[in-house]
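# What the coordinates show
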Amino acid sequence: MTSPRVRKIADRIQVIVAEMLERRIKDPRLGFVTLTDVRLTGDGQQATIFYTVLGGDEEMAGTAVALESAKGILRSEVAKQLGTRTAPTLTFVHDALPEEARALDEVLARAKAQDEAVAAARANAAYAGEVDPYKKPREDDEDDEDDELDQAGDVAGADDEDDRLS
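Every value quoted in this text rests on a predicted model; they were computed, and no experiment measured them.

### As for the environment of valine 78
Within the secondary structure, valine 78 is located in helix 3 (residues 71-82). Of the residues examined, valine 78 reaches a relative accessible area of 1% and is grouped as buried. Residues valine 78 and methionine 20, spaced 58 residues apart in sequence, show a C-alpha to C-alpha distance of 9.4 Å.

Below you can see the structure in the form of structure tokens.
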């Protein structure tokens, strides 16, 4: 975990380098650069600057060369504006996070489409058996059975009554 002081210095380095790239560095190889993050070691000796470039591989390669050639000017300006005892060594690293995030989004979109296809297949599929698998009493048959029981009960009851009387 970085200390708040180191985080503030890293944020300040990001602002200084971004302003320098925008205003003072006039290299034609420098593409449309976005600084995504700056990580500073705890002792403040090394700063790793992550960047992305809008465009293809040619723009990315040209920007990497331009940043390497402007590293000395950028470091001297960072040292001047920070006012610390030592100036951190700057290292530029292309940030692969946007490409990885894009690839992950594509995988998630494919998985969602497959899930929707499976759900659509389930909606169209017919289940084996009846729609309602639970047994319910039959209303028509109950009335017939009750009538038969009543008739059988009357006959059986009559016999019981005769037996008691005798």
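### A word on the packing of helix 1 (residues 4-23) against helix 3
Between helix 1 and helix 3, the least distance of the axes is 10 Å, while the angle of their chain directions is 130 degrees. One element, helix 1, and the other, helix 3, form an angle in the oblique class. Every pair of crossing elements has a handedness; the one defined by helix 1 and helix 3 is right-handed. Contacts between helix 1 and helix 3 pair Ile9, Arg12, Ile13, Ile16, Val17, Met20 and Leu21 from the former with Ile73, Leu74, Glu77, Val78, Gln81 and Leu82 from the latter. Of the residues in the contact of helix 1 with helix 3, the class split is 10 nonpolar, 1 polar and 2 charged.

### Overview of the environment of arginine 24
As for its position among the elements, arginine 24 is in the loop between helix 1 and strand 1 (32-40). With 49 residues separating them in the primary sequence, arginine 24 and isoleucine 73 have C-alpha atoms 9.5 Å apart. Filtering out sequence-adjacent residues up to four positions away, arginine 24 remains in contact with Glu19 and Glu77. Side chain to side chain, arginine 24 and glutamate 77 meet in a polar contact 3.2 Å long.

Rules of the game
Residues numbered from 1 in each chain as written. Predicted model: local features only at pLDDT ≥ 70, side-chain atom pairs only at ≥ 80, totals over all residues. Heavy atoms only, no water. Helix = DSSP H or I, 4+ residues; strand = E, 2+ residues; numbered from the N terminus. Buried < 20%, exposed > 50% of the residue type's maximum accessible area, 1.4 Å probe, protein only. Axes fitted to C-alpha atoms, helices over the stretch in contact; angles between N-to-C directions. Parallel < 35°, antiparallel > 145°, perpendicular 65-115°, else oblique. Left-handed = near helix turned anticlockwise from the far one by under 90°. Contact = heavy atoms within 4.5 Å. Nonpolar A, V, L, I, M, F, W, Y, C, P; charged D, E, K, R; others polar. Polar contact = N/O pair within 3.5 Å; in protein donor to acceptor, adjacent residues only side chain to side chain.

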